Amino acid sequence: SGGAFASAARCARACAFALRATRPHTRRPCRRTSCRNRARNDPAALSDRTILGNLIYIMQITWGDVTGLLLWVFKMLSDHPEWRERLAREPSRDLATRIVLETLRLEQSESRYRRAVADLELDGFRIPKGWLVRMCIRESHRDEKVFPDPLVFDPERFCGRAFTRGEYAPFGAF
């Protein structure tokens, strides 16, 4: 309703004020105008019903995923105080990103199902055409050939190493 959008617009303007007070991430140039950048540069943009609707929709559909990820990050930092202390000493977006990537590698449980389009044999097992095949992404993140000491929480493994989609797919995108 119009009242909900008016309330959301007031909240969004308050958020825009906070966003303008933050330092933008400048490591690489932004090629698209995001809602956040528009809010930072033009708080009136948050009066746009489409932008507000998109922000509300994104928040509604992602709250569970974001909450789950934050809980896993808190657990990992609790279980590995040396990383929590390092992050406190060296607060950087790069280190925080590596901690999140390593958390996703170890604790996400995404899986994908695909239907076999032909009979196939895998490690001596026959999979008939039409059967569902589960791709175990969590298990693939524990491949010792790709991730030495795969059960160790080590955000440094993401320093200077780019993984292919077949090696690291935290959201199941092969």
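Residues numbered from 1 in each chain as written. Predicted model: local features only at pLDDT ≥ 70, side-chain atom pairs only at ≥ 80, totals over all residues. Heavy atoms only, no water.

Section: a nonpolar patch on the surface
Using the following cut-off: Exposure above 30% relative accessible area and the absence of a salt bridge qualify a residue for a patch, where like charges join within 9 Å and nonpolar side chains (Val, Leu, Ile, Met, Phe, Trp, Tyr) within 5 Å. Using a 1.4 Å probe, the Shrake-Rupley method yields the accessible areas, and only the shown protein chains count as cover for residues. Any Lys or Arg side-chain nitrogen located within 4 Å of an Asp or Glu carboxyl oxygen qualifies as a salt bridge. Runs of E in the DSSP output that reach at least two residues are strands. Runs of H or I that reach at least four are helices, and both are numbered from the N terminus. Categorising residues by exposure relies on relative accessible area from a 1.4 Å probe, with only protein chains included: less than 20% of the type maximum marks a residue as buried, more than 50% marks it as exposed, and the intermediate range marks it as partly exposed.
On the surface, a cluster of nonpolar side chains totalling about 400 Å² of accessible area is made up of Val66, Leu70, Leu71 and Phe74. For Val66, the location among the structural elements is in helix H3 (residues 49-79). Taking relative accessible area as the criterion, Val66 reaches 44% and is therefore assigned partly exposed.

Brief notes about the environment of Gly130
Worth spelling out the cut-off: Here, two residues are considered to be in contact whenever any of their heavy atoms come within 4.5 Å of each other.
Within the secondary structure, Gly130 is located in the loop between strand S3 (125-127) and strand S4 (132-136). When its relative accessible area of 28% is taken as the criterion, Gly130 is described as partly exposed. Separated by 14 residues in the primary sequence, Gly130 and Ala116 have C-alpha atoms spaced 5.1 Å apart. Setting aside residues up to four positions removed in sequence, Gly130 forms contacts with Arg115 and Ala116.

Details of the nonpolar core
The following threshold applies: Take the buried Ala, Val, Leu, Ile, Met, Phe, Trp, Tyr and Cys residues and link them wherever side-chain atoms come within 4.5 Å; each set so joined is a nonpolar core.
Counting residues in hydrophobic clusters, the biggest one holds eight residues: Val73, Met76, Leu77, Trp83, Leu95, Ile99, Leu106 and Phe153. Sorting the residues of this core by element identifies H3 and helix H5 (93-107) as the ones contributing at least two each. Not counting chain neighbours up to four residues away, the residues in contact with Met76 comprise Thr103, Leu106, Glu107 and Phe153. In terms of nonpolar packing, the next biggest core, distinct from the first, is built from six residues, Leu104, Val146, Phe147 and Phe158 among them.

That's the geometry; what it means functionally is another story.
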